[in-house]
Amino acid sequence: QVQLVESGGGWVQPGGSLRLSCAASGFFFRNYAMSWYRQAPGKERELVAIISSRGGTTTYADSMKDRFIISRNNVKKTVYLQMNSLKPEDTAVYSCNARGEGSFHGDYWGQGTQVTVSS
């Protein structure tokens, strides 16, 4: 069975940092690009960052590229999102996504982890 399990969310004051993790199992992790998305209640899901299957290419939304860092460990089958200089507008549920590259066509989602940034 395919599983993506996020962890590391919680409450933090503005300017603080959090590191999110997404542990994967049940599919060929090394052949999947991994992404982080976020969604606030009543708003559309928003792409945060993408990392290619081998970790050689990363992309970020413009509003986050200088504060967030996506990385992965293909041995541990885990993708990370380091979030720095957090702002109240970063408050959302953060979810990880796996999308196959090449001949792999799976598309999987985790349940998400809540991040709340407030004073």
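Preceding this paragraph is the structure being described.
Residues numbered from 1 in each chain as written. Predicted model: local features only at pLDDT ≥ 70, side-chain atom pairs only at ≥ 80, totals over all residues. Heavy atoms only, no water.

Caption draft 1: The state of the cysteines, seen in detail. Summed over the entire model, instances satisfying the criterion amount to one disulfide. Residue pairing for Cys-22: its cysteine sulfur links by disulfide to Cys-96, the two sulfurs lying 1.9 Å apart. An S-S torsion of about 40° defines the bridge between Cys-22 and Cys-96 as right-handed. Residue Cys-22 is located in strand β3 (residues 18–25), and its partner Cys-96 is located in strand β9 (residues 92–100); the two are separated by 74 residues in the primary sequence. (Disulfide = S-S within 2.5 Å. Helix = DSSP H or I, 4+ residues; strand = E, 2+ residues; numbered from the N terminus.)

Caption draft 2: Region of the structure containing the pairing of strand β11 (residues 113–117). Judged by which residues are buried, β11 turns out to be one-sided: Thr-113, Val-115 and Val-117 face inward and are buried, whereas Gln-114 and Thr-116, on the alternate face, are not. With three bridges connecting them, strand β2 (residues 10–12) and β11 associate as parallel partners. Bridged to Trp-11 within β11 is Thr-116. Note that β9 and β11 share three bridges and pair antiparallel. Bridge pairing links Ala-92 to Val-115 in β11. (Buried < 20%, exposed > 50% of the residue type's maximum accessible area, 1.4 Å probe, protein only. Pairing = 2+ DSSP bridges.)

Caption draft 3: Structural detail: the sheet that holds β3. With respect to topology, four strands assemble into an open sheet ordered β1-β3-β8-β7, the strand pairing being antiparallel. Since the sheet does not close on itself, it has two edges, and those belong to β1 (3–7) and β7 (68–73), each with one partner. When strand polarity is set aside, the average angle formed by the axes of neighbouring strands in this sheet is 15°. As paired elements, β1 and β3 share five bridges and run antiparallel to each other. Considered in β3, the bridge of Gln-3 is made with Ser-25. (Axes fitted to C-alpha atoms, helices over the stretch in contact; angles between N-to-C directions.)

Caption draft 4: The environment of Glu-46, seen in detail. Among the structural elements, Glu-46 can be located in strand β5 (residues 46–51). For Glu-46, a relative accessible area of 32% puts it in the partly exposed group. The spacing of Glu-46 and Gln-111 is 65 residues in sequence and 15 Å in space, taken between C-alpha atoms. Ignoring anything within four residues of it in the chain, the contact list for Glu-46 reads Tyr-37, Arg-38, Ser-63 and Met-64. (Contact = heavy atoms within 4.5 Å.)

Caption draft 5: Structural detail: unusual backbone geometry. In this structure, Lys-77 is a non-glycine residue whose phi angle is positive, near 55°. In this fold, Lys-77 is placed in the loop between β7 and β8 (78–83). The exposure class of Lys-77 is partly exposed, given its relative accessible area of 27%.

Caption draft 6: View of the packing of aromatic side chains. As enumerated under the stated definition, the model contains seven aromatic pairs in all. Pairing Phe-27 with Phe-29 gives two aromatic rings, centres 6.3 Å apart and planes at 55°, and the pair type is tilted. The exposure class of Phe-29 is buried, given its relative accessible area of 2%. Taking 5.2 Å as the distance between ring centres and 50° as the angle between the ring planes, the aromatic pair formed by Phe-27 and Tyr-108 counts as tilted. Here Phe-27, found in the loop between β3 and β4 (32–39), pairs with Tyr-108, found in strand β10 (residues 107–109); they are 81 residues apart in sequence, far enough to count as distant. Overall, the relative accessible area of 9% leaves Phe-27 in the buried class. Among the aromatic side chains, those forming a connected cluster through ring pairs are Phe-27, Phe-28, Phe-29, Tyr-32, Phe-104 and Tyr-108. It is Arg-45 that lies over the ring of Tyr-37; its NZ or CZ is 4.9 Å from the centre. Lying over the aromatic face of Phe-29, Arg-72 brings its terminal NZ or CZ to 4.4 Å of the ring centre. (Phe/Tyr/Trp six-rings, centres within 6.5 Å; stacked < 30°, edge-to-face > 60°. Lys NZ or Arg CZ within 6 Å of the ring centre and 35° of its normal.)

Just geometry here; none of it tells us what the structure is for.
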